[in-house]
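One letter stands for each residue in the lines below.
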Protein chains: 2
Amino acid sequence: MDNTFVIRPIGIVRSPVLSRVDENWGKIEAEIHLQSTWAAALTGLSEFSHAIILTWLHQASFDYNRDLVRRPRGQAKWPEVGIFAQRAKNRPNPIGLSVVDILSCNENILKVRQLDAIDGTPVIDIKPYYTAFDRIETVVEPAWVHEVMADYF
Amino acid sequence: MDNTFVIRPIGIVRSPVLSRVDENWGKIEAEIHLQSTWAAALTGLSEFSHAIILTWLHQASFDYNRDLVRRPRGQAKWPEVGIFAQRAKNRPNPIGLSVVDILSCNENILKVRQLDAIDGTPVIDIKPYYTAFDRIETVVEPAWVHEVMADYF
């Protein structure tokens, strides 16, 4: 458990969003520019409607005392929850996960909608969205999640 | 883009599945044993029905020539698709993503169902499953996906 692992970015986010925000990602269209060596790895992705993008949240910073257990967005109206029970950016391993609409896929450029990552964010993996894996029909989640999400998209 | 990032495991999978398989994960119950320093980070997770587990697929090995574009499970009946258009384990960054049912959460141990990771797999992040982020109502995917998935769960 003492070992560490090395991640190499496969590409970068190109987005009109240049700095961190917490809402209104729904209509944002962004591009993922893969390193040219990975272009062929997108073969067939355009047959899917959605993908999961894993990013490295390069501007996040996890502070154990501040972030291990905190109120979502620091708001007193929401309960204290652990970092593994929320989607906040400051995580032990700063990996972002975004389910996006695939708009187009040409050469090494994947165009998507709803990617909540700012311009310049490194991309570390792309996976197609599989209904059988990823779509849960009956989800239970605490009430605060709905309130947090109300203005996100 | 030449930089690399360092991942530190937060815990480990304890599962009755000891070696790699490609099917029948649906009824498997497994535990995630977090390092004790992360126990509080699970606070509130038991209010969710599902979580997303990110793992480090420590037994996978990506070979550019073999894995960049390949037929799912090597079967001639399925088309050649890029690694970013499939969920195969041998990926440029070997990060596994599993949506699981949460069964219980006590101290530093999270018990789950449908975690398709073998015993000993390092865990690198846990995120709660949010309907608004993660559940896509209308998904389009190629026909081979349904065939590949038929015996997975």
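Since the structure is predicted, the reported quantities are computational estimates derived from the model, not experimental observations.

Peer 1: Can you walk me through the relation of the copies chain B and chain A in this structure?
Peer 2: Two chain copies here: they are related by a rotation about an axis and a translation along the same axis. When chain B is fitted to chain A, the residual RMSD is 0.0 Å, and the transformation amounts to a turn of 180° plus an axial shift of 0.0 Å. Such a turn and shift between the copies fits a two-fold axis. Counting the interface residues of chain B, we find that 100% of their copies in chain A are interface residues as well, pointing to one common contact surface.

Peer 1: Could you clarify how one ought to interpret the sheet that holds strand E3 (residues 29–34) of chain B in this entry?
Peer 2: Across a sheet, paired strands are connected by hydrogen bonds in the backbone, their directions being either parallel or antiparallel. All names here are of chain B. The strand order around the closed barrel built from six strands is E2-E3-E8-E7-E4-E9, with neighbouring strands paired in antiparallel fashion. Between one strand axis and the next, the sheet turns by 45° as a mean value, whatever way the strands run. By the bridge criterion, five bridges tie strand E4 (residues 50–56) to strand E9 (residues 122–128) in an arrangement that is antiparallel. Each bridged residue has a counterpart across the sheet, and for Ala 51 the counterpart in E9 is Pro 128.

Peer 1: Quick question: what am I supposed to make of the environment of Gln 86 of chain B here?
Peer 2: Residues and elements named next belong to chain B. Within the element layout of this structure, Gln 86 appears in the loop between strand E6 (81–82) and strand E7 (95–106). Since its relative accessible area comes to 2%, Gln 86 is described here as buried. On a C-alpha basis, the gap between Gln 86 and Thr 138 in space is 19 Å, while along the polypeptide they are 52 residues apart. One polar contact links the side chain of Gln 86 to the main-chain carbonyl oxygen of Arg 70, over a distance of 3.2 Å.

Peer 1: What am I meant to see in the environment of Glu 141 of chain B here?
Peer 2: Positionally, Glu 141 of chain B belongs in the loop between helix H2 (131–134) and helix H3 (143–149). Classification of Glu 141 of chain B as buried rests on a relative accessible area of 13%. Residues Glu 141 of chain B and Tyr 64 of chain B lie 77 residues apart in sequence; the distance between their C-alpha atoms is 25 Å. Setting aside residues no more than four positions away along its own chain, Glu 141 of chain B makes contact with Glu 47, Phe 48, Tyr 129, Tyr 130 and Thr 131 of chain A together with His 146 of chain B. For Glu 141 of chain B, the side chain forms a polar contact with the side chain of Thr 131 of chain A, separated by 2.8 Å.

Peer 1: What is the right way to read the sheet that holds strand E8 (residues 109–113) of chain A from this model?
Peer 2: Residues and elements named next belong to chain A. The antiparallel closed barrel is built from six strands, whose spatial order is E2-E3-E8-E7-E4-E9. The sheet shows a mean angle of 45° between the axes of neighbouring strands, taken without regard to direction. As paired elements, strand E7 (residues 95–106) and E8 share five bridges and run antiparallel to each other. What sits directly across from Cys 105, in E8, is Leu 110.

Peer 1: What is the right way to look at the packing of aromatic side chains in this model?
Peer 2: Aromatic ring pairs: the centre-centre distance and the angle between the two ring planes describe each pair. Applying the stated criterion to the full structure yields 16 aromatic pairs over all chains. Where Trp 38 of chain A meets Phe 62 of chain B, the ring centres are 5.8 Å apart and the plane angle is 55°; that geometry is what we call tilted. Note that Trp 38 of chain A is positioned in the loop between strand E3 (29–34) and strand E4 (50–56) and Phe 62 of chain B in the loop between E4 and helix H1 (64–67), a pairing that runs across two chains. Ring geometry for Trp 144 of chain A and Tyr 130 of chain B: centres 6.4 Å apart, planes at 80°, overall edge-to-face. On the criterion of chain membership, the pair formed by Trp 144 of chain A in helix H3 (residues 143–149) and Tyr 130 of chain B in the loop between E9 and H2 is interchain, its members lying in two chains. The same class applies to Trp 144 of chain A and to Tyr 130 of chain B, which are both buried. Put simply, the rings of Trp 38 of chain A together with Phe 62, Tyr 64 and Phe 84 of chain B touch in pairs and so form one group of aromatic residues. Directly above the ring of Tyr 130 of chain A sits Arg 87 of chain B, whose terminal nitrogen or CZ lies 5.4 Å from the centroid.

Calculation rules
Residues numbered from 1 in each chain as written. Chains lettered and ligands numbered in written order. Predicted model: local features only at pLDDT ≥ 70, side-chain atom pairs only at ≥ 80, totals over all residues. Heavy atoms only, no water. Least-squares fit on C-alpha atoms with pLDDT ≥ 70 in both. Contact = heavy atoms within 4.5 Å. Pairing = 2+ DSSP bridges. Helix = DSSP H or I, 4+ residues; strand = E, 2+ residues; numbered from the N terminus. Axes fitted to C-alpha atoms, helices over the stretch in contact; angles between N-to-C directions. Buried < 20%, exposed > 50% of the residue type's maximum accessible area, 1.4 Å probe, protein only. Polar contact = N/O pair within 3.5 Å; in protein donor to acceptor, adjacent residues only side chain to side chain. Phe/Tyr/Trp six-rings, centres within 6.5 Å; stacked < 30°, edge-to-face > 60°. Lys NZ or Arg CZ within 6 Å of the ring centre and 35° of its normal.

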